[in-house]
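# Summary of the model geometry
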Amino acid sequence: MQGKIAFEEHMAIRETLEETRSFAGDSGKWDDFTRQILDLEDERLGKMDETGIEFAILSLNAPGIQGILDTNEAIEVSKKANDTMADAVSKHPKRYGGFAALPMQDPDAAAKELTRCVKELGFKGAMVNGFTQKDTPDSAIYYDIPEYRSFWATVQELDVPFYLHPRMQIPARAQNYQDHPWLMSAPWGFAVETSIHSLRLCGSGLFEDYPKLKIIIGHLGEHIPYDLWRIDARMRFSRRGYRGERPLGEYFLQNFLVTTSGNFCDPTFKCAHEVLGTDRLFFSADYPFEKMEDAADWYDATDVMTAEEKKKIGRDNAIKLFNLDLD
Ligand code: GRE
Ligand code: ZN
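In this report, we go over the structure that sits alongside the text.

The rules behind the values
- Residues numbered from 1 in each chain as written.
- Chains lettered and ligands numbered in written order.
- Predicted model: local features only at pLDDT ≥ 70, side-chain atom pairs only at ≥ 80, totals over all residues.
- Heavy atoms only, no water.
- Buried < 20%, exposed > 50% of the residue type's maximum accessible area, 1.4 Å probe, protein only.
- Helix = DSSP H or I, 4+ residues; strand = E, 2+ residues; numbered from the N terminus.
- Arc of directions from axis to C-beta.
- Expected span 1.5 Å × (residues − 1).
- Near = heavy atom within 4 Å.
- Polar contact = N/O pair within 3.5 Å; in protein donor to acceptor, adjacent residues only side chain to side chain.
- Areas by Shrake-Rupley, 256 points an atom, 1.4 Å probe, with all protein chains shown as cover.
- 1 Å grid on protein atoms, 1.4 Å probe; cavity = no way out; pocket = protein on both sides within 12 Å on 5 of 7 lines; lining within 4 Å.
- Sits in = over half its atoms within 2 Å of the grid points.
- Nonpolar A, V, L, I, M, F, W, Y, C, P; charged D, E, K, R; others polar.
- Salt bridge = Lys/Arg side-chain N within 4 Å of Asp/Glu carboxyl O.

### Some details on helix H12 (residues 266-276)
Of all the residues in H12, the buried ones are Phe269, Ala272, His273 and Leu276. All buried residues of H12 project into a common sector of 100° when viewed along the axis, lining one side. Among the exposed residues of H12, those pointing more than 90 degrees away from its buried face are Pro267 and Glu274. The positive-phi residue at the C-terminal boundary of H12 is Gly277, with phi of around 85°.

Okay, structure coming up:
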């Protein structure tokens, strides 16, 4: 399918690149990976051409800003990353959009940077890499707490989506992964971390206060669609500390959007499709952690949706969500 739109497509700047080294694969691959994640020109655009991806919304690599302990540094590095993306967008406005990296260490500064990115740079939303550390390496701040309500008010007011992207749990909170570091990252822990954060948002009453928020998660829903029925079924017996007014599943179906990033699998897609419906699903690749070819070859060939659904999920839904001005 030509004309696909993808929006979990990562870039890096020198300041955030090194954090990604352990994910790049075996040692020989680091040079290739570095080149791919820093490049916003011919190699990336050429791969997009080859795989029928017309437009990509760029975002900073994980944990990116969320792993910076010093708040002022977080603010500075966010600006630098966003200005780098804005430069690529201005060179290729028909190929790239931007998702703002945000200094969540300071909710007011994050709201201010998002406002700058949307209003002055024309960005399409934000991508934040899970909880933020702040001041000390052992910290992990999740955004369901009251301190972030005014930030969420800004997100709703700007009417742009917020992509909640995975990051790895920090060592101080990772006892249950002991001796199994492979389990902490993309194979499993990423989804655990991102699903818990998503469910915390649902359970905090956030979506009663700001019902128009649009939270995007990747990887076909970070396991949540598969378990949504069970969550609500069990919560009929125990809702201790739950601050939503309605069943959790209603918030998930009202406020969450899901991409195919890094999960190119028919049975998983069928589950997400059945649970979420066609309007809340979107194509994405997760380059350069995934190959664009793998994402596109699967998507173009799969027969688990109709041609009309494929066009919506691969393109039209994104044009509508981000108000894209493509030909
Ligand atoms: C991602 O961005 O989704 C990602 C990483 C690191 C490893 C694997 C992966 O940031 O999919
Ligand atoms: Zn990603």
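Still more to cover.
### Remarks on helix H8 (residues 189-203)
When the terminal C-alpha atoms of H8 are compared, their 21 Å separation across 15 residues agrees well with the 21 Å that a helix rising 1.5 Å per residue should span. Taken across its 15 residues, H8 has 11 buried, putting it largely inside the fold. Turning to H8, its buried residues are Gly189, Phe190, Ala191, Glu193, Thr194, Ser195, His197, Ser198, Leu201, Cys202 and Gly203. Positive phi shows up at Gly205, right after H8, with a value of about 80°.

### Thoughts on the site of ligand 1
Around ligand 1, the neighbouring residues are Glu8, His10, Phe23, His165, Ala186, Phe190, His219, Asp286 and Phe289. Take His10: an N or O atom from its side chain is 3.1 Å from an oxygen atom of ligand 1. Within the side chain of His165, one N or O atom sits 2.9 Å away from an oxygen atom of ligand 1. Considering ligand 1 on its own, with 280 Å² of exposed area, one finds that the protein chains cover 93% of that surface. One can see that ligand 1 is located within the largest pocket. The residue inventory of the shell around ligand 1, partitioned by class, reads four nonpolar, three polar and two charged.

### A look at the pattern of salt bridges
Charged atoms that come close allow side chains of opposite charge to pair. Applying the stated rule across the entire model yields 18 salt bridges. Arg116 is paired through a salt bridge with Asp83; the nearest N and O atoms lie 3.0 Å apart. Linking Arg116 in helix H5 (residues 107-119) with Asp83 in helix H4 (residues 71-91), this pair joins segments that are 33 residues apart in sequence. The class for Arg116 is buried, based on a relative accessible area of 17%.

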